[in-house]
Amino acid sequence: MFTGIVEELGEIVRSTETGDDSALVAIRGPLVTSDARHGDSIAVNGVCLTVVDVDGGVFTADVMGETLRRTALGALRPGDPVNLERAAALNSRLGGHLVQGHVDGVGEIIAREPAAQWETVRFRLPAGLARYVVEKGSITVDGVSLTVAEVGDDWFSVGLIPTTLKLTVLGTKQLGDPVNLEVDVLAKYVERLLGDRNAGGAR
């Protein structure tokens, strides 16, 4: 479990194919590897990966085909920056919201509107995710916990403060760039519970 508060901007070192449908990815992150061990979880652009090995501030992780297909990790190349966050400890503050690191879909940046102290960014929503996104609700974009400012049928927008622009990959993403999206897990549970209740009532 994560909080969506990015700890460090890391960097993709290399990606090595380990089969037709998988890869071993090496990522530089001196802070998140300072106490990392084999088997630990680290979120990379919002994707929960399991540490295989740590060596000199670089950790490696296996990325399966399912992850490559359902996230934007497959588009990353050596030298690309990535948002990194270690799994939350039970005694840590929940500064963002509950984030699982399970990406629901890949969105796309469709507009950026700079202002004096912040920037409004609009993202395209994949089909089927809009019902989970509400104004003033939480959403995770490339591992960053954000508050939804506006939402449409196939898009939503957020306001990014200078700290987010400076310390995460969202500050340098361009129009058309893909982003990993994770909707609020509570919305999905509520939908499932209401669906089960309605189905029960129908019987």
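In the block above lies the structure referred to throughout.
A brief look at the structure comes next. (Residues numbered from 1 in each chain as written. Predicted model: local features only at pLDDT ≥ 70, side-chain atom pairs only at ≥ 80, totals over all residues. Heavy atoms only, no water.)

## Considerations on the sheet that holds strand β12 (residues 178–183)
In any sheet, the strands associate via hydrogen bonds between backbone groups, in a parallel or an antiparallel arrangement.
Argument step 1. If you trace the six strands once around the closed barrel, you get β7-β8-β11-β10-β9-β12, paired in antiparallel fashion. The sheet shows a mean angle of 45 degrees between the axes of neighbouring strands, direction not considered.
Argument step 2. In the sheet, strand β9 (residues 138–141) pairs with β12 via three bridges, with the strands oriented antiparallel. Among the inter-strand pairings, Ile-139 is bridged to a residue of β12, identified as Val-183. (Pairing = 2+ DSSP bridges. Helix = DSSP H or I, 4+ residues; strand = E, 2+ residues; numbered from the N terminus. Axes fitted to C-alpha atoms, helices over the stretch in contact; angles between N-to-C directions.)

## Here's the deal with the side chain of Glu-8
Argument step 1. Residue placement: Glu-8 occurs in strand β1 (residues 8–19).
Argument step 2. Beyond its immediate sequence surroundings of up to four residues, Glu-8 is in contact with Gly-29, Pro-30, Leu-31, Val-32, Val-82, Asn-83 and Leu-84. (Contact = heavy atoms within 4.5 Å.)

## Description of a nonpolar patch on the surface
Argument step 1. Among the surface-exposed residues, Met-1, Leu-94 and Leu-98 lie close enough to one another that they form a single nonpolar patch of about 300 Å² accessible area.
Argument step 2. One can find Leu-98 in the loop between β6 (81–86) and β7 (105–114).
Argument step 3. The class for Leu-98 is partly exposed, based on a relative accessible area of 41%. (Patch = residues over 30% accessible without salt bridge, like charges linked within 9 Å, V, L, I, M, F, W, Y side chains within 5 Å. Areas by Shrake-Rupley, 256 points an atom, 1.4 Å probe, with all protein chains shown as cover. Salt bridge = Lys/Arg side-chain N within 4 Å of Asp/Glu carboxyl O. Buried < 20%, exposed > 50% of the residue type's maximum accessible area, 1.4 Å probe, protein only.)

## A short note on the packing of aromatic side chains
Argument step 1. Taken as a whole and assessed by the stated rule, the structure comprises one aromatic pair.
Argument step 2. Where Phe-123 meets Phe-156, the ring centres are 5.2 Å apart and the plane angle is 20 degrees; that geometry is what we call stacked. Note that Phe-123 is positioned in strand β8 (residues 119–124) and Phe-156 in strand β11 (residues 155–160), a separation of 33 residues in sequence. Both residues of the pair, Phe-123 and Phe-156, belong to the buried class.
Argument step 3. Over the ring of Trp-155 we find Arg-122; its NZ or CZ atom is 3.7 Å from the centre of that ring. (Phe/Tyr/Trp six-rings, centres within 6.5 Å; stacked < 30°, edge-to-face > 60°. Lys NZ or Arg CZ within 6 Å of the ring centre and 35° of its normal.)

## What to know about the nonpolar core
Argument step 1. Ranked by internal contacts, the top residues of the largest apolar core, which has 20 residues, are Phe-123, Val-133, Ile-139, Val-141, Leu-146 and Phe-156.
Argument step 2. Sorting the residues of this core by element identifies β8, β9, β10 (144–151), β11 and β12 as the ones contributing at least two each.
Argument step 3. With sequence-adjacent residues up to four places away left out, Val-133 is seen in contact with Leu-125, Ile-139, Val-148, Val-151, Phe-156 and Val-183.
Argument step 4. Judged by nonpolar contacts, the second largest core, of 18 residues, contains Val-44, Ala-61, Val-82 and Val-103. (Core = buried A, V, L, I, M, F, W, Y, C linked by side-chain atoms within 4.5 Å.)

## A short note on the sheet that holds β1
Argument step 1. Read around the closed barrel, the six strands follow the order β1-β2-β5-β4-β3-β6; overall the barrel is antiparallel. Across the sheet, the mean angle from the axis of one strand to that of its neighbour is 45 degrees, orientation sign disregarded.
Argument step 2. In this sheet, β6 lies alongside strand β3 (residues 41–44) in antiparallel orientation, the contact comprising three bridges. Residue pairing across strands places Val-44 opposite Leu-84, the latter belonging to β6.

## Things to note about the environment of Thr-71
Argument step 1. Structurally, Thr-71 can be placed in the loop between α1 (65–70) and β6.
Argument step 2. According to the relative accessible area criterion, Thr-71 is buried, its value standing at 9%.
Argument step 3. Residue contacts for Thr-71: discarding those within four places in its chain leaves Val-47, Val-103, Val-106 and Asn-180.
Argument step 4. Polar side-chain contacts of Thr-71 include one of 2.7 Å to the backbone oxygen of Thr-67.
Argument step 5. Here Leu-73 takes part through its backbone nitrogen, which lies 3.2 Å from a polar atom of the side chain of Thr-71. (Polar contact = N/O pair within 3.5 Å; in protein donor to acceptor, adjacent residues only side chain to side chain.)

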